[in-house]
Each structure stands twice: as C-alpha cells, then as structure tokens.
Amino acid sequence: MRKGKAPARGVEGALRIVGGDWRRRVLRFPEGEGLRPTPDRVRETLFNWLGQRLDGLACLDLFAGSGALGFEAASRGAASVVMVERAAAPFAALRANAALLGGDARLEIVRADALEFARSSNRRFDVLFLDPPYRQGWLDRLQPELPRLLNDDAVIYVEAECPLTGLGDWQTERSGRAGQVCYHVMRRGESIGTD
C-alpha cells in the first residue's frame, strides 16, 4: 500500500469503516509511508461483490498499510483477519486501531514482509486482500504461493496500476477503476467481467 513517498512526520490520515459492526468508526493512520487506503466507494463496491457479511471466513490482508480492508472485513463478521505490515509506523497504527476497536480477538496484526509471511504461513485463507506497492513485481512473486496459502474456493481482491485478467489459477470475475487504481475480484476458473 505504498507509492514511495517519504513519510510526513506527525501527519495523520483518517478512514471510515463503511459497513458492519463498526460502521462509521473513524480510524487514524500515519500519512506518508506511501499509504493509499482503499477509498470508501471502492470498499462499498467490493463488499457488494463479496456479500455484505463475511461470517465464518478467514481473511488475509497481506499489505495491510492503513488496515482499511482488514478492519472492514472484521467489521463484516469475518471469523479471523490477519493483517501483515512490515513498516514500523503503519504497524503501530494497526495495533492502536485494533485496541481502539476493543482488541477484538478476530484481529491478528503481524509485522513481517508479505512474501516471507506467504512462504512461511501454514494457515489457509478464504479471502485474500492484495494491495501491494505498484511496479515492484509483488504480484508475480506472490503468485506461486497462492495455491498453498488459499483454500480451493478462496476469493482474491487485488488493487493494481493496470487491469489484470488473473493471477495464477484465479481469474478476474469482476473489475472496476477508480482514478488511477484498477480493482479486481478473482475466483478460480471464473470468466472475466467488468462493472
């Protein structure tokens, strides 16, 4: 979730959870660090596509950054949400926001490199959120890890700088664009569509 800008010390951004148990709660995160939270409108579209509730699902937000996607998933009933972030300031903000939301046991905040986490995790997930830094080859490097990391019927949500037809065995089922961001929902063996 980075663009590559230098961090701005002491400046905070804010995001609002758009649905579920924590609807309208405002969370703070450090601006700079290249963070670009998924906008409200895109999150609303995403959760319309996924279904408003994620009850019982295990979710992984692999480039958590501000936590917009992970906190939204937990708010909508996910059984567990693992948020992985390697940068110190966003990691600290994720932990602070989890505490603000009551230290919910469904939330697990992990400080790690995304690829190292993907390679070493022995857990499998139902929903994977991928919003990596652009133009750094993250998706190509992660693709071989997906079959081991995800359940067979898992859904992947990907934000990227360009339209994607798929990622490994997962094919784009629905996609959209908001400004410079292309966003996609992928499932195994589904046909390509655009909204």
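Criteria and thresholds
- Residues numbered from 1 in each chain as written.
- Predicted model: local features only at pLDDT ≥ 70, side-chain atom pairs only at ≥ 80, totals over all residues.
- Heavy atoms only, no water.
- Core = buried A, V, L, I, M, F, W, Y, C linked by side-chain atoms within 4.5 Å.
- Buried < 20%, exposed > 50% of the residue type's maximum accessible area, 1.4 Å probe, protein only.
- Contact = heavy atoms within 4.5 Å.
- pLDDT = per-residue confidence, 0-100.
- Helix = DSSP H or I, 4+ residues; strand = E, 2+ residues; numbered from the N terminus.
- Pairing = 2+ DSSP bridges.
- Axes fitted to C-alpha atoms, helices over the stretch in contact; angles between N-to-C directions.
- Salt bridge = Lys/Arg side-chain N within 4 Å of Asp/Glu carboxyl O.
- Phe/Tyr/Trp six-rings, centres within 6.5 Å; stacked < 30°, edge-to-face > 60°.
- Arc of directions from axis to C-beta.
- Parallel < 35°, antiparallel > 145°, perpendicular 65-115°, else oblique.
- Left-handed = near helix turned anticlockwise from the far one by under 90°.
- Nonpolar A, V, L, I, M, F, W, Y, C, P; charged D, E, K, R; others polar.

(A) Region of the structure containing the nonpolar core. Ranked by internal contacts, the top residues of the largest apolar core, which has 34 residues, are Phe71 and Phe129. Apart from residues lying up to four places away in sequence, Phe71 is in contact with Ile17, Trp22, Leu27, Ser66, Met83, Leu94, Asn97, Ala98, Leu101 and Leu107. Grouped together as the second largest cluster of nonpolar side chains are 28 residues, Ala114, Phe117, Leu139 and Val158 included.

(B) Representation of the confidence of the model for the protein. Per-chain confidence: the protein averages 87 in pLDDT, with 89% of residues scoring 70 or above. Across the protein, the secondary-structure element scoring lowest on mean pLDDT is strand 1 (residues 12-16), at 83, and the one scoring highest is strand 3 (residues 58-61), at 98. Predicted confidence is poor over residues 1-10, with pLDDT under 50, and the contacts of this stretch with residues over four places away or in other chains come to 32 contacts. Across residues 191-195, confidence stays below pLDDT 50; counting only partners more than four residues off in sequence or on other chains, it has 14 contacts.

(C) Looking closely at the sheet that holds strand 10 (residues 181-188). Taking strand neighbours across the sheet as the criterion, the 8 strands line up as 5-4-3-6-7-10-9-8 in an open arrangement whose pairing is mixed. Where the open sheet ends on each side, the last strands, each with one partner, are strand 5 (107-111) and strand 8 (166-167). Of the strands in this sheet, strand 6 (125-130), strand 7 (150-160), strand 9 (170-178) and strand 10 touch helix 1 (residues 40-50), which is tilted by about 15° from strand 10. Sitting on the sheet, helix 2 (residues 68-75) is in contact with strand 3, strand 4 (80-85), strand 5, strand 6 and strand 7, with an inclination near 170° to strand 4.

(D) Representation of the pattern of salt bridges in the model. Counting across every chain of the model gives 14 salt bridges. Among the salt bridges present, the one from Arg53 reaches Asp21, with a minimum N-O distance of 3.7 Å. Placement of Arg53 in the loop between helix 1 and strand 3 and of Asp21 in the loop between strand 1 and strand 2 (26-30) is noted, with a sequence separation of 32 residues between them. According to the relative accessible area criterion, Arg53 is partly exposed, its value standing at 40%. Glu173 is the salt-bridge partner of Arg187, the closest N and O atoms lying 3.0 Å from each other. Here the residue Arg187 occupies a position in strand 10, and Glu173 occupies one in strand 9, the gap between them amounting to 14 residues. Each of Arg16, Asp40, Arg43, Glu72 and Arg76 takes part in salt bridges that share partners, so that together they form one network.

(E) Local environment of the packing of aromatic side chains. Under the defined criterion, the tally for this structure stands at 4 aromatic pairs. Between Phe47 and Phe129 the ring centres are 6.4 Å apart and the planes differ by 50°, which places this aromatic pair in the tilted class. Of this pair, Phe47 sits in helix 1 while Phe129 sits in strand 6, and the two are 82 residues apart along the sequence. In this pair, the class of Phe47 matches that of Phe129, namely buried. Consider the rings of Phe63 and Trp138, whose centres lie 5.1 Å apart with planes at 75°: the pair is edge-to-face. Remark: Trp138 occurs in helix 5 (residues 138-142) and Phe63 occurs in the loop between strand 3 and helix 2; sequence separation between them is 75 residues.

(F) Molecular detail of helix 1. Residues of helix 1 that are buried: Val42, Arg43, Leu46, Phe47, Trp49 and Leu50. Buried residues along helix 1 cover an arc of 150° about the axis, so they all sit on one side. Those residues of helix 1 that are exposed and angled more than 90 degrees off the buried face are Arg41 and Asn48. If you follow the buried residues of helix 1, they end up packed against strand 1, helix 2, strand 6, strand 7, strand 9 and strand 10. Where helix 1 ends, the next residue or the one after it, Gly51, has phi of about 105°, a positive value.

(G) Looking closely at the packing of helix 1 against helix 2. Two numbers describe how helix 1 lies on helix 2: the axes approach to 11 Å, and their chain directions differ by 45°. The angle between the axes of helix 1 and helix 2 places the two elements in the oblique class. In the crossing of helix 1 with helix 2, the sense of the turn from one axis to the other is right-handed. Touching Arg43, Leu46 and Phe47 of helix 1 are Ala68, Leu69, Glu72 and Ala73, all from helix 2. Its residues placed into classes, the contact of helix 1 with helix 2 shows 5 nonpolar, no polar and 2 charged.

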